[in-house]
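Take a look at the letters that make up each chain.
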Amino acid sequence: MSTEKSAKQIKTFKGPEFIRKFLVSLKRRPHNIAFVVFIIAFLIYALNLTHISHTTSRINGPGMGIFGFVTMLASFLSLACYLNIFPKRKPVNKPMLILFFAMNVAVIICDYMYRSVIYEAVTRKDNPIAVEDYIFRASSMLGVHIVFLIVGLALVVLLPVYGRLFKKINTSIAVESSEMAEIELSGDE
C-alpha cells in the first residue's frame, strides 16, 4: 500500500517539481537569463541576414558591408566570451566581462550606423531609394536587435540584484516522516 501511495505522489507532484528544479537552477546560475536574451538577439540577427545582405547590395552605402560583418562577428564572439565570464566556483572573469561589453557596444554602434545609412539613402532629396520589403524588414530588425542587446546588457549589470532576489526564494522540499523511520525509532527504545 505504501508503494501505491508513493507512486501517486510522484504523479501528482511532477509539475511543481519541474518548476522547483527550474527555480533551483536559476538560483545557482542566474546569469543564464541574460545569456538566453543574447542568444535570442543573435538569432534575430542571424536569421534575418538575408534582408541585411539584400539591403546592402541595393543601397550600397558607405560602410554597410563592414557594419554587417562586424555585427555578425562580434555577436558570435560575444556569446563565446559570455560563456567564459562566469566560471563555476570561481569569481567573475573581469577581462572577459570587459571584452564582452566592448563587443556588444560595438555591435550596437554598427547597428545604429547601418540604420542611419538606410535612413539617409531612403530620405535623400536626389534619387532616393524606394523602400522595399526587405529594406523595411532589415531596418526594423536592427531596431529590435538593438533593444535586445540593451536589455541583455542591463540584465548583466543588474545580475547581483536579481541574483540575490532568486536566492531568497524557498525551494526546499518538506520531507514527511515515513513508516520505516518510525519503526526504526521504536526499536531503539
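First, a word on what this report is: a plain description of the structure on this page. Everything numeric here is computed off the predicted structure, so don't read it as measured data. (Residues numbered from 1 in each chain as written. Predicted model: local features only at pLDDT ≥ 70, side-chain atom pairs only at ≥ 80, totals over all residues. Heavy atoms only, no water.)

**What to know about the nonpolar core**
Looking at soluble globular proteins, one finds that nonpolar side chains tend to be buried together. Core analysis: the largest hydrophobic core is formed by 23 residues, its most contacted members being Ala34, Phe38, Tyr82, Phe100, Leu149 and Val156. Those elements that place two or more of their residues in this core are helix 3 (32-47), helix 5 (64-85), helix 6 (94-123), helix 7 (133-157) and helix 8 (159-167). When sequence neighbours within four positions are dropped, the list of residues in contact with Leu149 reads Phe38, Ala41, Asn104, Val107, Ile108 and Asp111. Counting 17 residues, the second largest nonpolar core, distinct from the first, contains Ile44, Cys110, Val117 and Ala138. (Core = buried A, V, L, I, M, F, W, Y, C linked by side-chain atoms within 4.5 Å. Buried < 20%, exposed > 50% of the residue type's maximum accessible area, 1.4 Å probe, protein only. Helix = DSSP H or I, 4+ residues; strand = E, 2+ residues; numbered from the N terminus. Contact = heavy atoms within 4.5 Å.)

**Here's the deal with the packing of aromatic side chains**
Counted under the stated rule, the structure contains 7 aromatic pairs. When the ring of Phe38 is compared with that of Tyr82, the centres are 5.9 Å apart and the planes differ by 50°; the resulting orientation is tilted. Residue Phe38 is located in helix 3, and its partner Tyr82 is located in helix 5; the two are separated by 44 residues in the primary sequence. Each ring, one from Phe42 and one from Phe76, has its centre 6.1 Å from the other, and the planes form 45°; the classification is tilted. (Phe/Tyr/Trp six-rings, centres within 6.5 Å; stacked < 30°, edge-to-face > 60°.)

**With respect to unusual backbone geometry**
Unlike most non-glycine residues, Asn60 shows phi in positive territory, near 50°. The phi torsion at Asn127 lies on the positive side, around 55°, for a residue other than glycine. In this structure, Asn127 sits in the loop between helix 6 and helix 7.

**Brief notes about the packing of helix 4 (residues 49-59) against helix 6**
Axis separation between helix 4 and helix 6 bottoms out at 11 Å; the angle between their running directions is 45°. Relative to helix 6, the element helix 4 is oriented oblique. Where helix 4 crosses over helix 6, the two elements pack in a sense that is left-handed. When helix 4 is examined against helix 6, the residues Ile52, Thr55, Thr56 and Ile59 are found in contact with a partner set consisting of Tyr114, Val117, Ile118 and Ala121. Residues that form the contact of helix 4 with helix 6 fall into these classes: 6 nonpolar, 2 polar and no charged. (Axes fitted to C-alpha atoms, helices over the stretch in contact; angles between N-to-C directions. Parallel < 35°, antiparallel > 145°, perpendicular 65-115°, else oblique. Left-handed = near helix turned anticlockwise from the far one by under 90°. Nonpolar A, V, L, I, M, F, W, Y, C, P; charged D, E, K, R; others polar.)

**A short note on the side chain of His31**
By the secondary structure assignment, His31 is in the loop between helix 2 (14-28) and helix 3. With relative accessibility at 14%, the residue His31 sits in the buried group. Excluding its chain neighbours within four sequence positions, the residues that come into contact with His31 are Tyr82, Phe86 and Leu159.

**Describing the side chain of Thr56**
Within the secondary structure layout, Thr56 lies in helix 4. A relative accessible area of 18% means that Thr56 is categorised as buried. At 2.4 Å, the side chain of Thr56 and the side chain of Tyr114 are in polar contact. Setting aside anything within four residues of it in sequence, one finds Thr56 in contact with Met64, Gly65 and Tyr114. (Polar contact = N/O pair within 3.5 Å; in protein donor to acceptor, adjacent residues only side chain to side chain.)

**Describing helix 8**
Listed in full, the buried residues belonging to helix 8 are Leu159, Tyr162, Gly163 and Phe166. With its buried residues spanning 110° around the axis, helix 8 presents them on a single face. Exposed and oriented more than 90 degrees from the buried face of helix 8 are Arg164 and Leu165. (Arc of directions from axis to C-beta.)

**Section: a nonpolar patch on the surface**
A contiguous nonpolar surface patch, about 510 Å² in accessible area, is contributed by Ile66, Phe69, Leu73, Phe76 and Leu77. Along the chain, Phe69 falls in helix 5. (Patch = residues over 30% accessible without salt bridge, like charges linked within 9 Å, V, L, I, M, F, W, Y side chains within 5 Å. Areas by Shrake-Rupley, 256 points an atom, 1.4 Å probe, with all protein chains shown as cover. Salt bridge = Lys/Arg side-chain N within 4 Å of Asp/Glu carboxyl O.)

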